[in-house]
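If you want the building blocks of each chain, they are given just below.
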Amino acid sequence: AAPATPAPNVPATPAPTVTAPVVPATPAPTAQASAPVAGQGQVSVQFVADCWTQVTDASGKTLFSGLKRKGDSLSVAGKPPFAVRLGYARGAQVSYNGQAVDVAPFTSGETARLKLGQ
C-alpha cells in the first residue's frame, strides 16, 4: 500500500506542471490563420541573417517584398501556391502551414526561388 500512494502522487505532480492552456495557445493562432478560409495558406520565415525576401500569392499579389534583418520574422497568408524568393537563402528558415521547408534544393548560389502549396 505504501508504494501505491507515491505512484499516484508522481503523475499528479507533472500534470499541473504541463499547463494545458499553454500548449494549445501556441498552435491555435496557426490553426486560426489557415483554417477559417478554405484554400488559404500561410508562409512564415525566421531570419538568422539579413535577407531580401519576396512572397507572392497565386493571384500575383505581392504579400511582402523587402529586406528583413537578423532576428526578424515574417508571416503572411494568402492563396497558394506562393512564390518565395530569398536573396540570402541561408539567412532564412521557411515554414509553410507550420511545416519546415528545406530551401536547399531551390538554392542557386546565395539565392533561392521556390513555390509552396502547389
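Residues numbered from 1 in each chain as written. Predicted model: local features only at pLDDT ≥ 70, side-chain atom pairs only at ≥ 80, totals over all residues. Heavy atoms only, no water.

Draft legend 1. Summary view of the sheet that holds strand S9 (residues 111-116). Taking strand neighbours across the sheet as the criterion, the 5 strands line up as S3-S2-S5-S9-S8 in an open arrangement whose pairing is antiparallel. The two strands at the open ends of the sheet, each matched to only one other strand, are strand S3 (62-68) and strand S8 (107-108). The pairing of S8 with S9 spans 2 bridges and is antiparallel. Bridge pairing in S9 places Thr 107 opposite Ala 112. (Pairing = 2+ DSSP bridges. Helix = DSSP H or I, 4+ residues; strand = E, 2+ residues; numbered from the N terminus.)

Draft legend 2. Representation of the pattern of salt bridges in the model. For the structure on display, the rule yields 2 salt bridges. Between Asp 50 and Arg 69 there is a salt bridge; the shortest N-O distance is 2.8 Å. Highlighted residues: Asp 50 in the loop between strand S1 (41-47) and strand S2 (51-56) and Arg 69 in the loop between S3 and strand S4 (73-78), separated in sequence by 19 residues. For Asp 50, a relative accessible area of 36% puts it in the partly exposed group. Classification of Arg 69 by relative accessible area gives partly exposed; the value is 45%. For the salt bridge of Arg 90 with Glu 110, the shortest nitrogen-to-oxygen distance reads 2.8 Å. Placement of Arg 90 in the loop between strand S5 (82-86) and strand S6 (92-96) and of Glu 110 in the loop between S8 and S9 is noted, with a sequence separation of 20 residues between them. Exposure remark for Arg 90: the relative accessible area of 58% places this residue in the exposed category. Residue class for Glu 110 comes out partly exposed when judged on its relative accessible area of 36%. (Salt bridge = Lys/Arg side-chain N within 4 Å of Asp/Glu carboxyl O. Buried < 20%, exposed > 50% of the residue type's maximum accessible area, 1.4 Å probe, protein only.)

Draft legend 3. Focus on the sheet that holds S6. If you walk across this open sheet you meet the 4 strands as S4-S1-S6-S7, and the pairing is antiparallel. A single partner strand is all that each edge strand has here, and the edge strands are S4 and strand S7 (99-101). Taking each pair of neighbouring strands and ignoring which way they run, the sheet shows an average axis angle of 25 degrees. Alignment of S6 against S7, held across 3 bridges, turns out to be antiparallel. By the bridge assignment for S7, Tyr 96 is matched with Gln 99. (Axes fitted to C-alpha atoms, helices over the stretch in contact; angles between N-to-C directions.)

Draft legend 4. Representation of unusual backbone geometry in the model. Omega for the bond connecting Pro 80 with Pro 81 falls within 30 degrees of zero, at 5 degrees, which places this linkage in the cis form. For Asn 97, which is not glycine, the phi torsion reads 50 degrees and is therefore positive. Within the secondary structure, Asn 97 sits in the loop between S6 and S7. By relative accessible area, which is 31% here, Asn 97 ends up partly exposed.

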